[in-house]
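Below are the chains, spelled out letter by letter.
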Amino acid sequence: MLRKWPKSNRPDNRLERGALKSGALYLIAILSALLVMPGFAEQYATGDVVQAVIDVDGKQRVQIRGGSYFFTPNHIIVKVNVPVALSIMRESGIVPHTFVMKIPESRIMLDESLSTEARTIEFTPTAVGKYEFYCRNKLPFFRSHEEKGMKGVFEVIP
Ligand SMILES: [Cu+2]
């Protein structure tokens, strides 16, 4: 609805300009806070333990992001016998990365190339235990990405 100010109580021009100015300052303050705030760009810091949240659809959703040379989070905890929707992606950059995880008891064998667009893999872990996930990439004569730290723990709890 369009609101017209009667001439008598139209806001003072000077006041309006003041409000605009403080609004702009406020916006700048928010933007700089976002830029400075640690963890804004990073959803999780490397080294974080994340317990998957069971969503309304009954799936445990987890996101993992890979980069040179880490996974974040690098310790994930899920419940056994509850479907997992695992979203994987990599940071932008020229280095290719993969996500490999094997849970033999549950017949889960994941070996995926990571893209900068998130992709969701669904599976249900049926055995309690700790399983490693890692990037299998390696350049000849260099240490593997896994050795450089691109690995994590996928923990299935009762
Ligand atoms: Cu890698």
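See the structure above.
Summarised in this report is the structure supplied together with it.

### Here we look at the pairing of strand β10 (residues 129-134)
Side-chain positions along a regular strand alternate between the two faces of the sheet.
Here's step 1: When strand β7 (residues 98-103) meets β10, the two strands line up antiparallel, connected through two bridges. Considered in β10, the bridge of Val100 is made with Tyr134.
Here's step 2: Note: β10 against strand β11 (residues 151-157), six bridges, orientation antiparallel. Across the sheet, the residue bridging to Tyr134 is Lys151, located in β11.

### A word on the environment of Ser87
Here's step 1: Within the fold, Ser87 resides in strand β6 (residues 84-90).
Here's step 2: Discounting residues that sit within four places of it in the chain, Ser87 has contacts with Val62, Gln63, Ala118 and Thr120.

### Remarks on the nonpolar core
Here's step 1: Core analysis: the largest hydrophobic core is formed by 17 residues, its most contacted members being Val62 and Phe99.
Here's step 2: Within the residue set of this core, elements represented by two or more residues are β3 (60-67), β4 (70-72), β5 (75-79), β6, β7 and β11.
Here's step 3: With three residues, the single largest contributor to this core is β6.
Here's step 4: Setting aside chain neighbours within four positions, we find Phe99 in contact with Gly66, Ile88, Leu110, Glu112, Leu114, Phe133 and Cys135.

### Points about the sheet that holds strand β8 (residues 108-113)
Here's step 1: The mixed open sheet is built from six strands, whose spatial order is β1-β5-β11-β10-β7-β8. Looking at strand neighbours, the two that pair on one side only are β1 (49-51) and β8, the edges of this open sheet. Put simply, the sheet's adjacent strands are angled 20 degrees from each other on average, direction ignored.
Here's step 2: Pairing geometry for β5 and β11, over five bridges, is parallel. By the bridge assignment for β11, Ile76 is matched with Phe154.

### Notes on the pairing of β6
Here's step 1: Here β6 shows a clear split, with Val84, Leu86, Ile88 and Arg90 buried on one side and none of Ala85, Ser87 and Met89 buried on the other.
Here's step 2: Here β6 runs beside strand β9 (residues 119-123); their pairing, made up of five bridges, is antiparallel. Residue pairing for β9: Val84 is matched across the bridge by Phe123.

Rules behind the numbers
- Residues numbered from 1 in each chain as written.
- Predicted model: local features only at pLDDT ≥ 70, side-chain atom pairs only at ≥ 80, totals over all residues.
- Pairing = 2+ DSSP bridges.
- Helix = DSSP H or I, 4+ residues; strand = E, 2+ residues; numbered from the N terminus.
- Contact = placed C-beta atoms within 7 Å.
- Core = buried A, V, L, I, M, F, W, Y, C linked by C-beta atoms within 7 Å.
- Buried ≥ 20, exposed ≤ 12 C-beta atoms within 10 Å, placed from the backbone.
- Axes fitted to C-alpha atoms, helices over the stretch in contact; angles between N-to-C directions.

So, to be careful, I would describe these as geometric facts and stop short of saying anything about function.
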